[in-house]
Amino acid sequence: MTGMITVIMIFSIPLVAIVTDHFQKQTKMKHKMLKDQLELEKLKHENFLIETEKMRLELEQMVSEDKFEKKKIL
């Protein structure tokens with residue numbers, strides 16, 4: 001009986017180490033994935049700001065051209 005408990009204890013230590021290592025690797029992968037998602041969201045936001053600024057400038061240009069055309073007609 002004691003020998004069986006000893007064998008179980010000896011084999012359980014590597015199993016615990018394997019499981020712990022697996023959870024650590026999973027946690028690291030989740031951390032990297034979250035970091036990548038955060039970077040992607042930052043890029044999306046930056047792209048949104050750039051596009052918004054571009055549209056604002058295009059609108060200002062259209063309004064300016066429209067005013068110029070109206071002056072030209074008068």
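Residues numbered from 1 in each chain as written. Predicted model: local features only at pLDDT ≥ 70, side-chain atom pairs only at ≥ 80, totals over all residues. Heavy atoms only, no water.

### A few points about the overall build of the protein
Broken down by element type, the protein carries one helix and zero strands. The principal-axis extent of the C-alpha atoms belonging to the protein is close to 110 × 10 × 5 Å. Relative to its full complement of 74 residues, the protein shows a buried share of 0%. Counting only carbon and sulfur atoms, one obtains 70% of the accessible surface of the protein, whose full area is about 7,600 Å². Put simply, the protein has 13 plus and 12 minus side-chain charges, and the middle of one group is 5 Å from the middle of the other. (Helix = DSSP H or I, 4+ residues; strand = E, 2+ residues; numbered from the N terminus. Buried < 20%, exposed > 50% of the residue type's maximum accessible area, 1.4 Å probe, protein only. Areas by Shrake-Rupley, 256 points an atom, 1.4 Å probe, with all protein chains shown as cover. Lys, Arg positive; Asp, Glu negative; His and termini not counted. Charge placed at Lys NZ, Arg CZ, Asp CG, Glu CD.)

### Overview of the pattern of salt bridges
Scanning the model with the defined rule gives five salt bridges in all. Residue Lys 32 is joined to Asp 36 by a salt bridge in which the shortest nitrogen-to-oxygen separation is 3.2 Å. Here Lys 32 and its partner Asp 36 are both found in helix H1 (residues 2–73), four residues apart, which amounts to about one turn of the helix. Between Lys 44 and Glu 41 there is a salt bridge, and its shortest N-O distance comes to 3.7 Å. In this pair, Lys 44 and Glu 41 are both assigned in helix H1, three residues apart and thus about one turn of the helix distant. (Salt bridge = Lys/Arg side-chain N within 4 Å of Asp/Glu carboxyl O.)

### So, a nonpolar patch on the surface
Among the surface-exposed residues, Met 1, Ile 5 and Met 9 lie close enough to one another that they form a single nonpolar patch of about 390 Å² accessible area. Secondary-structure assignment places Met 9 in helix H1. We classify Met 9 as exposed; its relative accessible area is 53%. (Patch = residues over 30% accessible without salt bridge, like charges linked within 9 Å, V, L, I, M, F, W, Y side chains within 5 Å.)

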